[in-house]
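Residues per chain are reported as follows:
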Amino acid sequence: MERGTALVLGATGGIGGETASALLRRGWKVRALARDPAKAAAQWPAGTLRPEWVSGDAMDADSVIAAARGADLIVHAVNPPGYRNWETLVLPMLDSTVRAAEASGARIVLPGTVYNYGPDAFPDLVESAPQNPISRKGAIRVQMEQRLRDAAARGVRSLVVRAGDFFGPRAGNNWFAQGLVKPGKPISAIADPARRGVGHQWAYLPDVAETIAQLVERESALTVFDTFHMEGHWDADGTRMQAAIRRASGRPDLPVKRFPWWLVALASPFVPMFRELREMRYLWQKPVHLRNGRLVALLGSEPHTPLDAAVGATLEGLGCLEATRPHGKRQPA
């Protein structure tokens, strides 16, 4: 059963790729925009349903408009790589998507973050919580959502699905893969960025993607501009994720080491990624807990992969799992 046509911007990334896959599994026709469609197609996971790759650039409104022709949905999951040039690229890319949605009549889906919120809204966050960010990325996120609200006044429909820190087998640009473990290497230690005893919220990307897919299939229940929060995996004291990594790696003795915030502070004037990480430190110093009451009221339940299964798949996808197991190398058949 074909449900409709979706255009995914950012399908080569973690959340974009997972959302494209979830929509394909549920019977959607999916187009994926890429500057190099042949390269993107070659990197798509083997043995899975595949999108139709089309050539274009999210910064070029005309190419996004052309790709979105006849689409019912535009998934805006594209971000500047490596935390670079957010100030100059993020809003123009969203403007391209809004123009494409105006032309096609499609609903926009924006994967959201907790960056919009400041400490005045912590610890429990509902969709109506005040948005007073204290970081540059947070301020840009607020502007993005305001652009969607402004577009809603012109009849452009949008949906924001907000979740905790991403992790998953396709996700590399996140705290799990850049902070807790090192992709492509045996796990020798787990880094801990949090203040001791502080809770943290995680979101497994396939669950986020499935949530998005289920929400957009309830179009009649959505408002013109709508937002939902996911629970994901709540780690109440910061130790659940560490324990899951130990179990998945087969290394119950893995040490936990403090994340080197001192090094991030020292290098942040020279390394853009470190500057952005430093700005996000406040999210590790106080508990930040998205509440999913609205989501559950609509869907009945939230898509939820057990933590051990999610962490195991993530470590395998990051190339960390087999090498960390004793005698973990596969033998020839």
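Scroll up to find the structure.
Here the structure is a predicted model, which is why all the values come from computation and not from measurement.

J.: Now, about the sheet that holds strand 12 (residues 233–235): what can you tell me, with residues and values included?
T.: Spatially, 8-10-12 is the arrangement adopted by the three strands of the open sheet, whose pairing is mixed. The sheet is open, and its two edges are formed by strand 8 (165–167) and strand 12, each paired on a single side. Sheet twist, expressed as the average angle between the axes of neighbouring strands with direction ignored, equals 35°. Pairing of strand 10 (residues 200–204) with strand 12, which is carried by three bridges, proceeds in the antiparallel orientation. Residue pairing for strand 12: Trp-202 is matched across the bridge by His-233.

J.: Which residues make up the pattern of salt bridges, and what values do they have?
T.: Tallied over the entire structure, the rule returns 17 salt bridges. A salt bridge links Arg-3 to Glu-217; the shortest N-O distance between them is 3.2 Å. With Arg-3 in the segment before strand 1 (5–9) and Glu-217 in the loop between helix 7 (205–216) and strand 11 (225–229), this pair connects stretches of sequence that are 214 residues apart. The partner of Arg-26 in a salt bridge is Glu-217, with the nearest N and O atoms 2.7 Å apart. In this pair, Arg-26 sits in the loop between helix 1 (14–25) and strand 2 (29–34) while Glu-217 sits in the loop between helix 7 and strand 11, placing the two residues 191 residues apart along the sequence. A relative accessible area of 22% places Arg-26 in the partly exposed class.

J.: So, the nonpolar core: which residues are in play, and what are the values?
T.: Formed by 36 residues in total, the largest nonpolar core has its most connected members in Leu-23, Leu-73, Leu-159 and Val-216. Elements represented by at least two residues in this core include exactly strand 1, helix 1, strand 2, strand 4 (73–76), strand 7 (158–162), helix 7 and helix 11 (293–299). For this core, the element with the highest residue contribution is helix 7, accounting for seven residues. Dropping the residues within four chain positions of it, Val-216 is found in contact with Leu-23, Trp-28, Leu-73, Val-109, Leu-159 and Leu-222.

J.: Kindly report on the sheet that holds strand 11, identifying the contributing residues and their values.
T.: With parallel pairing, seven strands are arranged side by side in an open sheet as 3-2-1-4-5-7-11. Only two strands of the sheet have a single partner each, and these edge strands are strand 3 (52–55) and strand 11. Pairs of neighbouring strands in the sheet enclose a mean axial angle of 20°, with direction left out of account. The pairing of strand 7 with strand 11 spans five bridges and is parallel.

J.: Now, about the pairing of strand 2: what can you tell me, with residues and values included?
T.: Within strand 2, five of the six residues are buried, leaving the element largely enclosed by the surrounding structure. Taken together, the five bridges between strand 1 and strand 2 define a ladder with parallel strand orientation. Paired with Leu-9 across the strands is Leu-33, a residue of strand 2. Taken together, strand 1, helix 1 and strand 2 form a β-α-β motif whose crossover is right-handed. With four bridges joining them, strand 2 and strand 3 adopt parallel strand pairing. Paired with Arg-31 across the strands is Glu-52, a residue of strand 3. Since strand 2 and strand 3 lie parallel, the crossover through helix 2 (residues 37–43) that links them has a hand, and here it is right-handed.

J.: Give me helix 8 (residues 240–249): which residues, what numbers.
T.: Taken residue by residue, helix 8 has Met-241, Gln-242, Ala-244, Ile-245, Ala-248 and Ser-249 as its buried positions. In a view along the axis of helix 8, the buried residues occupy a sector of 160°, so they form one face of it. Looking at the residues trailing helix 8, positive phi occurs at Gly-250, about 70°.

Each value, and the rule that gives it
- Residues numbered from 1 in each chain as written.
- Predicted model: local features only at pLDDT ≥ 70, side-chain atom pairs only at ≥ 80, totals over all residues.
- Heavy atoms only, no water.
- Pairing = 2+ DSSP bridges.
- Helix = DSSP H or I, 4+ residues; strand = E, 2+ residues; numbered from the N terminus.
- Axes fitted to C-alpha atoms, helices over the stretch in contact; angles between N-to-C directions.
- Salt bridge = Lys/Arg side-chain N within 4 Å of Asp/Glu carboxyl O.
- Buried < 20%, exposed > 50% of the residue type's maximum accessible area, 1.4 Å probe, protein only.
- Core = buried A, V, L, I, M, F, W, Y, C linked by side-chain atoms within 4.5 Å.
- Contact = heavy atoms within 4.5 Å.
- Right-handed = clockwise from strand over helix to strand, strands pointing away.
- Arc of directions from axis to C-beta.

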